[in-house]
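Structure at a glance
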Amino acid sequence: MKKKIAFITGITGQDGSLLAKLLLNKNYIVHGIKRRASSFNTKRIDSIYQDHQNKSKRLILHYGDLTDSLSLYDLLNKIKPDEIYNLGAQSHVAISFINPEYTTNVDGIGNLRLLDAISKLKFKKSVKFFQASTSEMYGNQKKTLNEDSIFEPVSPYASAKLLAYWNTKIYRQAYGIFASNGIMFNHESSQRGENFISKKTTKAVAEISLGLRDILYVGNLNSYRDWGYAGDYVEAMWKIMQYKKPDDFVIATNKTHSVRRFIEIAFKRVGIKIIWKGKGINEVGFEKKSKKILVKVDKIYFRPNEVEYLKGNYSKINKLIGWKPKMTFEKLVNKMVDYDLKKLKNK
Ligand code: NAP
Ligand code: G4F
């Protein structure tokens, strides 16, 4: 049987690397674009790298960028993929306030470049397209969110992603392209970027417990996120692409936890009980036993606009596709702390 061909943007990122592994296990041929960088940016996929000279290789990397229309079109035309997963993005919300134009170019127009390229391909009707949409598009509604909830983005990242979300729907309707949105709530893993709160916390907790660092500095302790496991979420992406028709699906856990709770659980894993004292930017977290201050708030990590509360409802994908998250929140935090501890101990 002919092997399926996938094309992944963002293959060097958290989700892209996990998805590439999933698809290789399913016997796909996987193509991905990596950005030119002055130092190697492929560490998340080094374990699955296959030599260019290997005739039967199933992982093929190309230099590419979501800001470069013609090269995207050329690659798609040559590779003729069955499935395209658009995971490439400037994915940090706080940084989108600092680099808004760039974020809009990559996250918003990047999606349009791909969709427009697909619409010009002879085989456009046989290609499937997945867009990595985000719960950030909902903004501040402080209620459980599903596919029928309205969107009220509050950051340049979220508005760029909303542009991509709508164009995915528009190209589906206008050209009959199989184009689906996964509206994903936060998902983490040991492979998460180090400036997101989950990885930043678990790495700092591991370092503090080994005496390699004194303090974890954070921003808003009181925001809530619906945190799931990235391994479960890439499974959902693949399932959405195998569904009989294109559609939009919330991918979430139906639960929400505060940043404060995340930090408490991470410290608990290394035997430290955190007690909070003070208010606002003067709040600190100290170890109950030693009274040592281990967590401090720094206003540099606050955003000009904050999404205070996110909680999704995954009923639709569960009912139509049979997906549900497997990993619990506490298990996820523990797994991330354990990974960071092991990595430091093996250094
Ligand atoms: P990530 O770890 O930040 O990975 C982003 C990927 O995009 C990296 O491979 C990055 O390349 C690549 N990229 C950045 N700019 C690019 C450009 N101009 N052209 C081509 N590629 C570019 O993000 P993630 O957590 O895996 O998330 C995957 C996708 O899901 C993103 O679109 C994100 O916005 C979306 N999403 C994520 C979550 C979440 O909680 N993780 C939730 C909802 C939606 P480098 O490695 O070279 O930087
Ligand atoms: O980990 P975060 O930076 O993730 P955020 O902003 O929720 O965005 C992530 O999830 C989105 C889906 O909802 C994705 F679309 C997006 O690409 C990304 O993957 O921040 C989580 C919360 C925020 O409320 C933030 O203000 O943690 C708060 N926070 C508190 N202190 C911090 C910090 N965030 C970061 N990054 N660093 C801090 O020191």
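Residues numbered from 1 in each chain as written. Chains lettered and ligands numbered in written order. Predicted model: local features only at pLDDT ≥ 70, side-chain atom pairs only at ≥ 80, totals over all residues. Heavy atoms only, no water.

The next thing to look at is the sheet that holds strand β5 (residues 128-134). Across the sheet, which stays open at both edges, the 7 strands sit in the order β3-β2-β1-β4-β5-β7-β12 with parallel pairing between neighbours. A strand with exactly one partner marks an edge of an open sheet, and here the two such strands are β3 (59-63) and β12 (248-251). The mean inter-strand angle of the sheet, taken between neighbouring strand axes irrespective of direction, is 20°. Pairing of strand β1 (residues 5-9) with strand β4 (residues 83-86) involves 4 bridges; the strand directions are parallel. The residue of β4 that forms the bridge with I8 is Y85. With respect to the sheet, helix α2 (residues 69-79) is in contact with β1, β2 (29-34), β3 and β4, its orientation differing from that of β1 by roughly 165°. Taken strand by strand, helix α4 (residues 100-119) contacts β1, β4, β5 and β7 (178-184), and its axis lies near 165° from that of β5. (Pairing = 2+ DSSP bridges. Helix = DSSP H or I, 4+ residues; strand = E, 2+ residues; numbered from the N terminus. Axes fitted to C-alpha atoms, helices over the stretch in contact; angles between N-to-C directions. Contact = heavy atoms within 4.5 Å.)

On to the domain arrangement of the protein chain, then. Per the domain assignment, the segments of the protein chain are domain 1 (5-190 + 228-254 + 309-326) and domain 2 (197-221 + 259-305 + 340-345). Each partner contributes to the interface: domain 1 provides 7 residues, whereas domain 2 provides 5 residues. Where domain 1 meets domain 2, there are 0 salt bridges. Joining domain 1 to domain 2, the criterion identifies 3 residue pairs in polar contact (both at pLDDT 80 or more). When residues of the side of domain 1 that touches domain 2 are assigned to their parent elements, the largest contribution, 3 residues, is made by helix α3 (residues 93-98). Of the residues that constitute the side of domain 1 that touches domain 2, the class distribution is 4 nonpolar, 2 polar and 1 charged. (Domains from an automatic or database assignment. Salt bridge = Lys/Arg side-chain N within 4 Å of Asp/Glu carboxyl O. Polar contact = N/O pair within 3.5 Å; in protein donor to acceptor, adjacent residues only side chain to side chain. Nonpolar A, V, L, I, M, F, W, Y, C, P; charged D, E, K, R; others polar.)

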